[in-house]
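Descriptive analysis of the structure
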Amino acid sequence: MSQLREVQVTFDAADPGALAAFWCEALGYEVEPPPAGFDSWDAALTAWGVPQELWNSRSAARPVGGSGPRLFFQRVPEGKTAKNRLHLDVRSAPGLTGDARMAALEAEAERLVALGASRDHRVDPDGRMELGFVVMTDPEGNEFCLD
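Residues numbered from 1 in each chain as written. Predicted model: local features only at pLDDT ≥ 70, side-chain atom pairs only at ≥ 80, totals over all residues. Heavy atoms only, no water.

1. Some thoughts on the packing of aromatic side chains
Scanning all chains against the criterion turns up 7 aromatic pairs. With centroids separated by 5.7 Å and ring planes inclined at 40°, the aromatic side chains of Phe11 and Trp23 adopt a geometry described as tilted. One end of the pair, Phe11, is in strand S1 (residues 8-13); the other, Trp23, is in helix H1 (residues 16-27), with 12 residues separating them in the sequence. With a relative accessible area of 1%, Trp23 lands in the buried category. On the numbers, 4.9 Å between centres and 70° between planes, the contact of Trp23 with Phe144 is edge-to-face. Linking Trp23 in helix H1 with Phe144 in strand S8 (residues 143-146), this pair joins segments that are 121 residues apart in sequence. Phe144 matches Trp23 in its accessibility class, with the two residues each being buried. (Phe/Tyr/Trp six-rings, centres within 6.5 Å; stacked < 30°, edge-to-face > 60°. Helix = DSSP H or I, 4+ residues; strand = E, 2+ residues; numbered from the N terminus. Buried < 20%, exposed > 50% of the residue type's maximum accessible area, 1.4 Å probe, protein only.)

2. Quick look at the sheet that holds strand S4 (residues 70-75)
Judged by pairing direction, the sheet is mixed, and its 4 strands sit side by side in the order S1-S4-S3-S2 without closing on themselves. Here the strands that pair on one side only, and so sit at the sheet edges, are S1 and strand S2 (29-31). For this sheet, the mean angle separating the axes of adjacent strands, direction not counted, is 25°. Bridge count between S2 and strand S3 (residues 58-63): 3 bridges; the pairing is antiparallel. Across the sheet, residue Val31 finds its bridge partner in S3, namely Ala61. Helix-sheet contacts for H1 involve S1, S2, S3 and S4, and the interaxial angle to S4 is about 155°. (Pairing = 2+ DSSP bridges. Axes fitted to C-alpha atoms, helices over the stretch in contact; angles between N-to-C directions. Contact = heavy atoms within 4.5 Å.)

In structure tokens form, the structure reads like this:
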């Protein structure tokens, strides 16, 4: 039998700190706090001798209260060039259907656009299998769905 494991989702990014801040707002997460013994990440990185130009080379976000995967953001030199093969579904209208569901998804889409996301397209309920969702991109172009 397999052992239960935690999952971390890693994003390649141009600006890890800014992308972590976006996802913290989007999901109600918090930026990973500095290690014990340090009042700030700047203090920790200074103590460890990390050059200042590397301070924004990574960041992490974690769920408040510990429910959900940790998100890790790492700076990479190349930009995004193709559609994601994996994306997050942000469950923004659990239990809702029809017009109420789509109204909740639209309200969340507007909130996230104000934070720097972009709206791609909407898929309406079809009365059969499709409940409806909105496809979005985060500030660095990573696709995700409001579902």
